[in-house]
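Survey of secondary and tertiary structure
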Amino acid sequence: QVQLVESGGGLVQAGGSLRLSCAASGRTFSTYAMGWFRQAPGKEREFVAAITWNGISTRYADSVKGRFTISRDNAKNTVYLQMNSLKPEDTAVYYCAADRTRGRIATMRVEYDYWGQGTQVTVSS
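Figured I'd write up the structure that's included with this text.

Rules of the game
- Residues numbered from 1 in each chain as written.
- Predicted model: local features only at pLDDT ≥ 70, side-chain atom pairs only at ≥ 80, totals over all residues.
- Heavy atoms only, no water.
- Salt bridge = Lys/Arg side-chain N within 4 Å of Asp/Glu carboxyl O.
- Buried < 20%, exposed > 50% of the residue type's maximum accessible area, 1.4 Å probe, protein only.
- Helix = DSSP H or I, 4+ residues; strand = E, 2+ residues; numbered from the N terminus.
- Phe/Tyr/Trp six-rings, centres within 6.5 Å; stacked < 30°, edge-to-face > 60°.
- Lys NZ or Arg CZ within 6 Å of the ring centre and 35° of its normal.
- Pairing = 2+ DSSP bridges.
- Axes fitted to C-alpha atoms, helices over the stretch in contact; angles between N-to-C directions.

Some words on the pattern of salt bridges
Summed over all chains, the structure comprises 7 salt bridges. Residue E46 is joined to R38 by a salt bridge in which the shortest nitrogen-to-oxygen separation is 2.7 Å. A relative accessible area of 5% means that R38 is categorised as buried. Among the salt bridges present, the one from R100 reaches D113, with a minimum N-O distance of 3.4 Å. Highlighted residues: R100 in the loop between strand 9 (92-99) and strand 10 (114-115) and D113 in the loop between strand 9 and strand 10, separated in sequence by 13 residues.

As for the packing of aromatic side chains
By convention here, two paired aromatic rings are described through the distance between centres and the angle between planes. Evaluation of the coordinates by the stated rule reveals 5 aromatic pairs. Relative to Y112, the ring of F37 has its centre 5.2 Å away and its plane inclined at 80°; by these criteria the two rings are edge-to-face. On the criterion of sequence distance, the pair formed by F37 in strand 4 (residues 33-39) and Y112 in the loop between strand 9 and strand 10 is long-range, its members being 75 residues apart. With respect to burial, F37 and Y112 carry one shared label: buried. Through a chain of ring-to-ring contacts, the aromatic side chains of F37, F47, Y112 and W115 assemble into a single cluster. Between the NZ or CZ atom of R45 and the centre of the ring of Y95, over which it lies, the distance is 3.6 Å. Its guanidinium or amino end placed over the ring of F29, R72 lies 4.6 Å from that ring's centre, counting from NZ or CZ.

Details of unusual backbone geometry
Despite not being glycine, N77 has its phi angle at roughly 55°, a positive value. We note that S85 has phi near 50°; this positive angle belongs to a residue other than glycine. For S85, the position within the fold is in the loop between strand 8 (78-83) and strand 9. You can call S85 partly exposed: its relative accessible area is 41%.

Section: the sheet that holds strand 8
Pairing is antiparallel in the open sheet, where 4 strands are placed in the order 1-3-8-7. Across the chains shown, the open sheet's two edge strands, defined by having one partner strand only, are strand 1 (4-7) and strand 7 (68-73). Sheet twist, expressed as the mean angle between neighbouring strand axes with direction ignored, is 15°. Looking at chain direction, strand 3 (residues 18-24) and strand 8 are connected through 6 bridges and run antiparallel. Looking at strand 8, one finds that L18 is bridged to M83.

Focus: the pairing of strand 3
Of all the 7 residues making up strand 3, 5 are buried; the element is thus mostly covered by neighbouring parts of the structure. Here strand 1 pairs with strand 3 via 4 bridges, running antiparallel. Looking across to strand 3, one finds that S7 is bridged to S21.

Structure (structure tokens):
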């Protein structure tokens, strides 16, 4: 079992940056792949980025590739999402999630086992 708590959201102007953090409880964090998803009002929750348990491999949605960077610090039980060149269409609630299955980078919501409560990101034009 792991509990996830996101932080770092807020209001930023277009072109600005934010760094989201997701702090995890439990000793098994370092064995989980981690992902970030987002959900805008009236839309489905969508994949943003994911990282393997050891941080070696990452995957991004096309819409954020080149602007967002996912990373993790297993010693701190934390995963990060650095978001640069933000656009109004990035406005959403951002969620981190943990995947217990080793050996993959999951991009589908159903593949993740644990979820945080989310943090709001609002990008003004």
